[in-house]
Protein chains: 2
Amino acid sequence: MKKYNVAVVGATGMVGSKFLEVLSEKNLPVDNYYLFASAKSAGKVIDFMGKPHTVIELKEENVTDKHIDIALFSAGGGTSAQFAPVFARHGAVVIDNSSQWRMDKDVPLVVPEVNPQDIAWHNGIIANPNCSTIQAMVALRPLQLKYGLKRIIYSTYQAVSGAGVAGYNDLLEGLKAFVNGGEYATKKFPYAIANNCLPHIDVFSDGGYTKEEIKMIKETKKILGDESIKVTATTVRVPVLNSHSESINIEFNKPCTLEGILEAFRSQSGLVVVDDVKSNKYPMPADATGHDEVFVGRIRLDDTVESGCNIWCVADNIRKGAASNAVQIAEYMIYNAPELIHGAK
Amino acid sequence: MKKYNVAVVGATGMVGSKFLEVLSEKNLPVDNYYLFASAKSAGKVIDFMGKPHTVIELKEENVTDKHIDIALFSAGGGTSAQFAPVFARHGAVVIDNSSQWRMDKDVPLVVPEVNPQDIAWHNGIIANPNCSTIQAMVALRPLQLKYGLKRIIYSTYQAVSGAGVAGYNDLLEGLKAFVNGGEYATKKFPYAIANNCLPHIDVFSDGGYTKEEIKMIKETKKILGDESIKVTATTVRVPVLNSHSESINIEFNKPCTLEGILEAFRSQSGLVVVDDVKSNKYPMPADATGHDEVFVGRIRLDDTVESGCNIWCVADNIRKGAASNAVQIAEYMIYNAPELIHGAK
C-alpha cells in the first residue's frame, strides 16, 4: 500500500494534541509525520508514535520540500486562511478544523458518516465542521433520509474544552476556587463558568445570534445539502470539562413512528442509541468522553407538530467534534478514495 | 389592619428554610407564625423573626386550636395530600408547593404576576407551580397577551437545589472529590452531576417524557388558561448549585417585532430584561440567585417560522421558583383580596 506524508499544523494546541492522540491510536499507512506550530513552539520535541518529533515552524519554506500528502490543520482561522492554500499549492489536501473555509462554496464541509461524497469535489481544502454541528449531523442524517427534515431547533450544553486550553483552565481553576472558597478571575470567558451557564459562545452578530449559533444553522444546511431546512439555535456553555450535549427538536416532512426513528438511528454508522429510560440509560457527557461515536437518547415523539421528535445527543467535542472527524476524513480518502489525496489543481 | 396566623409546613427542608428567609425579609401583618415539620424535626427550636420558634409535629390535633389563616406547604406530595385538606377544613387557605394538587381542576395554579385572578376560585388550596414552569410563565405571559402563543419548546438547564438538600450535596461533595481527585458516590442522582449533565429530572413516564417535562407541558397550559397552546420540553440537570436557566423557542399566532417583544417584556411585572449583547449582558444563574425577579435575554427573532422568537430565561428556582412565589400569593391575598383568605367552604 502507498504510504503518505502527513502534517499536523497547530500540533501543540488542545485540538492539535488530540489529533496526535487519535493518530497514534490508528495504524495509518504513513511514511512521515511533520508537526508544525507557530515560532513560539518551534523546536519543542514531542514524543509521538514512539519517536521524538521536533516541532517545525510554520512558514512556507518549511513546507516546500516535504512532499506532504495530507495536512491536518488546527491552528485558528487566521493561520488557516494564510497557510491552507500554501499546503494545497504544494500538493497536500488540507483538512482544516477552523471556521475559515467552511462556508466557502468551493470547499466541502464533511462528516464522513454523513456526506463522504462531498470529498470528491475538493480543490485542496476540506473543512471540518464546527464541533456542535458534527455530532448533530450524525444523528440527523438518518432521519433526513427517512422522513425529510423540515425544521430543527438546537439548544446546546457545550463543554469548556471547546474554548481551548484557556477555557478548560477557566473551569478547572474556577472549580478549585469555588470548592476551596477562593477567588478566580477567568481568562477566556467573560464571567465565571464554574457553577454558572453562559448563553454566549463565540462573538455576537447582528440580530443577536452568536457566531456559534450561525455556524450551526449554516453548516447544518450545507452538510445535509438542503438549504430549505429551517434551522435555529441557542448555544450555551455549561460547567462541564468535555463533551457537548444537545437538546434537538425536529420536525419532519413525512409521518414518523418511534420505532422508525429508532431503526433509522440504529442503521447510522458512528451513532449509538442509548435510550432505555426504565434502567436510567441515556447519553451523558461523562460517558461520551474518550469515544468517537455520537450518542443519542431521550428519543420521544413530539405531538405538538404533525410529525416530529425530541432527542438528546452527546459526543466528545474534541474527538468526534474535531480531531477524530478530521482524521476520519483522512482515513476515508486513504482507504476508499486515494485518488482524492492531492492538493489544488 | 387585620393580622393573620401563618403556618409553614415542612419548615426544616430546603424550600421550607427559604420560606422562612423570604418571610423574614417582609413585614407581613402576622400575629403568629407556626412552624410544622415531621415528628423527626418536631421540638427543634428555630430562630425566626427575632425569636425562637419550636417546631410543631405535623398532626391534626396540633392544627385544630391555632386559627391558622394561611398555611405555606413545602413538605412533599404525600404530606400535602394528607394534610392540606386538614388545614383547609380548619379554616386556612393552603398554598402548596408540591405537585400534589397542581392539576386538580378545583385548585388554582398561580403565579401572582401572571394569573392572580385564579386565586378567587380556590376552595381552601392554591397550588404553587413547578419551579421550571413559574419562571417561564413570567416571560411568556406578556407575549401571550400581545401575540398569542401557538407553540413553545422548552430546553432547561436546571440547578441541583431543585432536587433538595441531597441533590445540592451531591454536586457540592462531587465537586470537592472532582477537584481533589477523590471519589464521591451520589445519593440523590443516579450518576455524578459534577462535570456532567443528566437529561433526567423526576421519574420517567410512558412515552419517554419525564414527570418534570410533563409538568412543564401541563402547567403551562393551565396557568396561561389555554389548552390549545402546543408545548413540548426536554428537562436537564446541569452542574449548577442554584437558579434554573431555560432556552425557549416560541411561535406566535400574530406577527411580532423585536421591539414589540421587548416592549411586552418591559411591561411585565416581575420580569427584568438583561439583553445587551454588545456589552456581554445576558441572564446567568450566578446573577439570578438571591433575586425574586425572572431575568430574560438573548431575545432573537426566529425566522424559521412565520412569527416567533428564541429567548433565554433565568431565575432563582428556590426563591421565585418556589418560596417567593408562594409568599407572593399570600401577600397578594393579604393586600389585594383579604376576603379570599379562608379555608374550604
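Residues numbered from 1 in each chain as written. Chains lettered and ligands numbered in written order. Predicted model: local features only at pLDDT ≥ 70, side-chain atom pairs only at ≥ 80, totals over all residues. Heavy atoms only, no water.

This brings us to the pattern of salt bridges. This structure, assessed with the given rule, holds 39 salt bridges over all chains. Here Lys-59 of chain A makes a salt bridge to Glu-57 of chain A, at a shortest N to O gap of 3.9 Å. Its relative accessible area of 29% is what places Glu-57 of chain A among the partly exposed residues. Residues Glu-113 of chain B and Lys-320 of chain B are paired through a salt bridge, measuring 2.8 Å at the closest nitrogen-oxygen approach. Placement of Glu-113 of chain B in the loop between strand E7 (93-96) and strand E8 (125-127) and of Lys-320 of chain B in helix H8 (residues 319-336) is noted, with a sequence separation of 207 residues between them. With respect to class, Glu-113 of chain B is no different from Lys-320 of chain B; both count as buried. What emerges from the salt-bridge pattern is a single network uniting Lys-18, Glu-21, Glu-25, Asp-292 and Arg-319 of chain A. (Salt bridge = Lys/Arg side-chain N within 4 Å of Asp/Glu carboxyl O. Buried < 20%, exposed > 50% of the residue type's maximum accessible area, 1.4 Å probe, protein only. Helix = DSSP H or I, 4+ residues; strand = E, 2+ residues; numbered from the N terminus.)

Further remarks concern the confidence of the model for chain A. Low pLDDT means the predicted coordinates in that region are not meant to be read closely. Residue and element names in this part refer to chain A. Confidence in the prediction for chain A averages 97 pLDDT; 100% of positions are at 70 or higher. Looking at the elements of chain A, mean pLDDT is at its lowest for helix H1 (residues 14-25), recorded as 94, and at its highest for strand E11 (residues 244-252), recorded as 99. Reported confidence for the predicted complex is 0.97 by ipTM and 0.97 by pTM. (pLDDT = per-residue confidence, 0-100.)

Attention shifts here to helix H4 (residues 164-180) of chain B. For H4 of chain B, spanning 17 residues, the distance from its first C-alpha to its last is 24 Å, which sits close to the expected 24 Å at 1.5 Å a residue. If you check which residues of H4 of chain B are buried, you get Gly-164, Gly-167, Asp-170, Leu-171, Gly-174, Leu-175, Ala-177 and Val-179 of chain B. As for H4 of chain B, its buried residues are in contact with helix H4 (164-180) of chain A together with helix H1 (14-25) of chain B. A positive phi of about 80° marks Gly-181 of chain B, the residue just after H4 of chain B. (Expected span 1.5 Å × (residues − 1). Contact = heavy atoms within 4.5 Å.)

Right, let's get into the sheet that holds strand E9 (residues 149-157) of chain A. Picture the strands of a sheet paired through backbone hydrogen bonds; they go either parallel or antiparallel. All names here are of chain A. Sheet architecture is open: 6 strands sit in the order E10-E9-E11-E14-E13-E12, paired in mixed fashion. The sheet terminates laterally at strand E10 (230-234) and strand E12 (271-273), the two strands that pair on one side only. Direction aside, the axes of adjacent strands within the sheet are offset by 25° on average. Strand direction decides the pairing type here: strand E13 (residues 294-301) and strand E14 (residues 308-315), joined by 5 bridges, are antiparallel. In the strand pairing of E14, Val-296 is matched with Cys-313. (Pairing = 2+ DSSP bridges. Axes fitted to C-alpha atoms, helices over the stretch in contact; angles between N-to-C directions.)

On the side of chain A, 57 residues touch chain B, which itself brings 57 residues to the contact. When the two sides are added together, the surface that chain B and chain A hide from each other amounts to roughly 4,700 Å², 59% of it contributed by carbon and sulfur. Across the chain B-chain A interface, the total number found is 6 salt bridges. Where Asp-302 of chain A meets Arg-151 of chain B, a salt bridge forms, and the shortest distance between an N and an O atom there is 2.7 Å. Between the two partners, chain B and chain A, sit 36 residue pairs in polar contact (both at pLDDT 80 or more). Considering only residue class, the side of chain B that touches chain A consists of 29 nonpolar, 19 polar and 9 charged. (Buried area = accessible area lost by both parts, 1.4 Å probe. Polar contact = N/O pair within 3.5 Å; in protein donor to acceptor, adjacent residues only side chain to side chain. Nonpolar A, V, L, I, M, F, W, Y, C, P; charged D, E, K, R; others polar.)

Each packed pair of helices is defined by two parameters, the angle between the axes and the distance between the axes. Residues and elements named next belong to chain A. Put simply, H1 and helix H8 (residues 319-336) touch, their axes get as near as 9 Å, and they point 50° apart. Considered as vectors, H1 and H8 are oriented oblique to each other. Along this stretch, H1 crosses H8, giving a crossing that reads as right-handed. On H8, the residues touching Val-15, Lys-18, Phe-19, Glu-21, Val-22, Leu-23 and Glu-25 of H1 are Arg-319, Ala-322, Ala-323, Ser-324, Ala-326 and Val-327. (Parallel < 35°, antiparallel > 145°, perpendicular 65-115°, else oblique. Left-handed = near helix turned anticlockwise from the far one by under 90°.)

Overall, the coordinates contain 0 disulfides over all chains when judged by the stated rule. Sulfur of Cys-309 of chain A: no disulfide; nearest cysteine sulfur belongs to Cys-256 of chain A and is 6.2 Å away. Not part of a disulfide, Cys-131 of chain B finds its nearest cysteine sulfur in Cys-313 of chain B, a span of 12 Å. (Disulfide = S-S within 2.5 Å.)

So, on to the relation of the copies chain B and chain A. The two copies are related by a screw operation: chain B maps onto chain A through 180° of rotation and 0.0 Å of translation along the axis, at an RMSD of 0.0 Å. As the rotation angle and translation indicate, the two copies are arranged about a two-fold axis. Interface overlap between copies: 100% of the residues of chain B at the interface are likewise at the interface in chain A, consistent with a symmetric, same-surface contact. (Least-squares fit on C-alpha atoms with pLDDT ≥ 70 in both.)

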